[in-house]
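Residue strings, one per chain:
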Amino acid sequence: MSFMFSKENLLKIEELKKRYPNPHALSLPCLWMAQYQEGFISLDAIDAISQIIHMPSMEIYGVATFYTMFRLEPSEKLIVDVCKTLSCKLCGSDEILEHLEKNDTIKLRHVECLGSCSTAPVMQINDVYYENLTIAKVDAILKELK
Amino acid sequence: MSEMIDIIVDSQSYKVQNGSLLIDLLIKEKIKVPYFCYHESLGADGNCRMCMVEIEGQKRPQIACDTFIKPGMIIRSKGENIEKVRTDILELELINHPVDCPICDQAGECSLQEFYMEYGLHDSKISISEKVKHSKHLDLGSNVMLDQERCVLCARCTRFTDKITYTHELGIIGRGDEAKVTTMPGRKLDNPYAMNVVDLCPVGALTSKDFRFAQRVWFLQTVDSICHGCAKGCNIYIDHNKIKYQDDVIYRFRPRRNDNVNGFFICDAGRLSYKQLQENRLESAILNGEKITQMQAIAKAKELLAKHKENITVVIDANLYTEEIEAILAFAKELNAKVCSPKEVYRDESFKDDMLRSSNRAANYKTIERLNIDTKEPDSSSLILNFNHPQDFEATSVINFLTHNRLSLGLSLPIAAYSENEGTLTNEDGFTQKCEKAIFKNVPIPTIIEHLIRLRR
């Protein structure tokens, strides 16, 4: 197995284990740690988590594919998550999505509600929210990030 | 345990155990209730929502598979309301289903098809081009093929690998209309009981690579039998068909429920053993490599029996029916012959596991023990009568009674295989079970008992 959790992550996992009666509760925190450590969640990482929390790999794989925020493949392009849920749709996320779909330099993903409906439409790049978007604003943000 | 109580279903009173599942009662009393996800071996999951019933005092219809029976319950399983609910839920199941019954291998034994004929019968409201597309023929391994578009996500297969085999190969990934059953990328469904998911699957999503497209299920005739793969004696159905002008052929074995022996399942080795049963059969008598007629063979056998009056050994296969073994014993007594059934050849420790498979690969071994038949190798004899024992023995003369072709010298007479004959077997736990005659060949091969009658004449 090529994936190993870093020392700090292993300590964190030990700390979290005390918090829950059932180690299965650690599946989401472990998936996050693996994603931050490698940039994506590899199958090796899933096997490593499976051994730590005593849960079948298939079940963890099911969890990882259920949530849109987990990436199962590495991406060299900038990953842009645009909210596709109701509030953002009403406030015009369709236009933004249409605009971004033409852009080949980014990896665009439609994600479930990002939980910032008051500032819709919203997109997320590297854990940062960009809110109250317009097409001009999106272009400016992407230019700055490049 | 808990006491028996009365409840009312469709204005009829039933006596049931307090706290048992409502769906078990409905299934037992043959009250029509549609369901996909519930299975008696896997328990309730409550995800298909098909088994809706009305319970007096509750606002909405409830699922029967997650309702525990309480005293004084009044339940309605019929009526306009409940049919409407079932029709609506069925429509949701059918949104992304390709509705391709004419080319689906499950047609004829598909729950979805049955419920559609009962509650649906409407055209799909979504056009084919708008339906979510998934993979159509994924080879999951272990002879199981998956069609994700036909899947209703009842999770029976995933629960089978989680709760029965504990191998956890299958799971549901994704969400919403993208959800699908699959294995981990690059990994296969790989366990000795894997093909049971084909029987569990209520729709045409999981089909057996071995059986698919071989035969339409409504042409098959089903006969109760017992698997001869090992001493466990798993109950099976033999599905066979005799196509016009052709011979009767077995197309598949399916597990038959018997809570005392095998429960709901059989192993893949047993399931596929019908192939060996039919292949390479000995159909005509053979003398030193040359085909001869049955009459000549019987005459030759009689001649040998007359020549060797003493020092005869009869070897019996421990897979034969009890009736056959007893008939052979009586015949051996007349000949004044020694009887044995060497047991070493049946031992296979690598086959054993802690579910159903036994290390003893002889189906009727218990009877050999009960009748005190010697289990050692035969001593040197002048004549050996081998009744289908898998080993070959050396003697001055040998008469073999064989089901399958085998390279052996001397005289060989064909005998009927277990599917072409009826009889009883006693399994390793002492259950005596009956096998029905399934196959009626165009040219029937005589059974051992018929041979013995002819030899006595």
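Residues numbered from 1 in each chain as written. Chains lettered and ligands numbered in written order. Predicted model: local features only at pLDDT ≥ 70, side-chain atom pairs only at ≥ 80, totals over all residues. Heavy atoms only, no water.

1. A look at unusual backbone geometry
Of all residues except glycine, most have a negative phi; of all peptide bonds, most are trans.
Then, in step 1: A cis amide bond links Ala120 of chain A to the next residue, Pro121 of chain A, at an omega of -10°.
Then, in step 2: As for its position among the elements, Pro121 of chain A is in the loop between β2 (106-111) and β3 (123-125).
Then, in step 3: Here the phi dihedral of Ser11 of chain B falls at roughly 55°; this positive angle occurs in a residue that is not glycine.
Then, in step 4: Its place among the elements puts Ser11 of chain B in the loop between β1 (4-9) and β2 (12-17). (Helix = DSSP H or I, 4+ residues; strand = E, 2+ residues; numbered from the N terminus.)

2. Quick word on the domain arrangement of chain B
Then, in step 1: Assigned domains of chain B: these are domain 1 (4-93), domain 2 (101-208) and domain 3 (285-456).
Then, in step 2: The straight-line distance from the C-alpha centre of domain 1 of chain B to that of domain 3 of chain B is 52 Å. (Domains from an automatic or database assignment.)

3. Considering the pairing of strand β1 (residues 78-83) of chain A
Residues and elements named next belong to chain A.
Then, in step 1: A large share of β1 lies buried, amounting to 5 of its 6 residues.
Then, in step 2: With 6 bridges joining them, β1 and β2 adopt parallel strand pairing. Each bridged residue has a counterpart across the sheet, and for Leu78 the counterpart in β2 is Ile106.
Then, in step 3: The pairing of β1 with β3 spans 2 bridges and is antiparallel. Counterpart to Val82 in the pairing with β3 is Met123. (Buried < 20%, exposed > 50% of the residue type's maximum accessible area, 1.4 Å probe, protein only. Pairing = 2+ DSSP bridges.)

4. Describing the confidence of the model for chain B
Then, in step 1: A residue-level look at chain B finds 100% of positions with pLDDT of 70 or above and a mean pLDDT of 90.
Then, in step 2: In the predicted assembly, ipTM is 0.84 and pTM is 0.89. (pLDDT = per-residue confidence, 0-100.)

5. Points about helix α6 (residues 93-101) of chain A
Note on helix geometry: an α-helix contains 3.6 residues per turn, so any two residues three or four positions apart are oriented the same way.
All names here are of chain A.
Then, in step 1: Where α6 is concerned, the buried positions are Ser93, Ile96, Leu97 and Leu100. Each buried residue of α6 lies within a common arc of 100° when the element is viewed along its axis, so the set occupies one face. Set apart from the buried face of α6 by more than 90 degrees, the exposed residues are Glu95 and Glu98.
Then, in step 2: Those residues of α6 that are buried lie in contact with β1, α5 (86-90), β2, β3 and α7 (135-145). (Arc of directions from axis to C-beta. Contact = heavy atoms within 4.5 Å.)

6. Re the pattern of salt bridges
Then, in step 1: One pass over the full model with this rule turns up 41 salt bridges over all chains.
Then, in step 2: Residue Arg187 of chain B pairs with Asp47 of chain A through a salt bridge whose shortest N-O separation is 2.7 Å. Of this pair, Arg187 of chain B sits in the loop between β9 (180-182) and α5 (196-200) while Asp47 of chain A sits in helix α3 (residues 43-53), placing the two residues on different chains.
Then, in step 3: Residue classification places Arg187 of chain B among the partly exposed positions, given a relative accessible area of 34%.
Then, in step 4: In this structure Asp47 of chain A comes out as buried when scored by relative accessible area, which is 14%.
Then, in step 5: Here Lys15 of chain B and Asp6 of chain B are joined by a salt bridge, their closest N and O atoms 3.4 Å apart.
Then, in step 6: Lys15 of chain B sits in the exposed class, given a relative accessible area of 55%.
Then, in step 7: One salt-bridge network, in which partners are shared between bridges, spans Asp100, Lys136, Asp147, Glu149 and Arg150 of chain B. (Salt bridge = Lys/Arg side-chain N within 4 Å of Asp/Glu carboxyl O.)

7. Quick notes on the sheet that holds strand β14 (residues 285-287) of chain B
Within a sheet, adjacent strands bond to each other through the backbone by hydrogen bonds, running parallel or antiparallel.
Residue and element names in this part refer to chain B.
Then, in step 1: Read across the open sheet, the 7 strands follow the order β15-β14-β20-β19-β18-β16-β17; overall the sheet is mixed. In this open sheet, the two strands that pair with only one neighbour each are β15 (290-292) and β17 (338-340). Shown here is a sheet whose adjacent strand axes are inclined to one another by a mean of 20°, direction ignored.
Then, in step 2: Pairing geometry for strand β16 (residues 312-316) and β17, over 3 bridges, is parallel. Bridge pairing in β17 links Thr313 to Lys338.
Then, in step 3: Along the sheet face, helix α8 (residues 294-307) touches β14, β15, β18 (383-387), β19 (397-402) and β20 (411-414) and points at about 130° away from the line of β20.
Then, in step 4: In the packing of helix α9 (residues 322-335) onto the sheet, the strands contacted are β16, β17 and β18, and the crossing angle to β16 comes to about 175°. (Axes fitted to C-alpha atoms, helices over the stretch in contact; angles between N-to-C directions.)

8. Notes on the sheet that holds strand β7 (residues 144-146) of chain B
Residues and elements named next belong to chain B.
Then, in step 1: On the basis of which strands lie adjacent, the open sheet formed by 3 strands has the order β6-β7-β10 and antiparallel pairing. Looking at strand neighbours, the two that pair on one side only are β6 (138-141) and β10 (206-208), the edges of this open sheet. Across the sheet, the axes of successive neighbouring strands diverge by a mean angle of 35°, strand direction being ignored.
Then, in step 2: In this structure, β6 lies alongside β7, joined through 3 bridges in antiparallel fashion.

9. Here we look at the packing of α6 of chain A against α7 of chain A
All names here are of chain A.
Then, in step 1: Packing of α6 against α7 leaves a shortest axis separation of 10 Å and a crossing angle of 40°. Classified by the angle their axes make, α6 and α7 are oblique. The element α6 and its partner α7 pack so that their crossing is right-handed. Contact residues: α6 offers Glu95, Ile96, His99 and Leu100, while α7 offers Ile135, Val138, Asp139 and Leu142.
Then, in step 2: Each residue belonging to the contact of α6 with α7 can be placed in one class, and the counts come to 5 nonpolar, 1 polar and 2 charged. (Parallel < 35°, antiparallel > 145°, perpendicular 65-115°, else oblique. Left-handed = near helix turned anticlockwise from the far one by under 90°. Nonpolar A, V, L, I, M, F, W, Y, C, P; charged D, E, K, R; others polar.)

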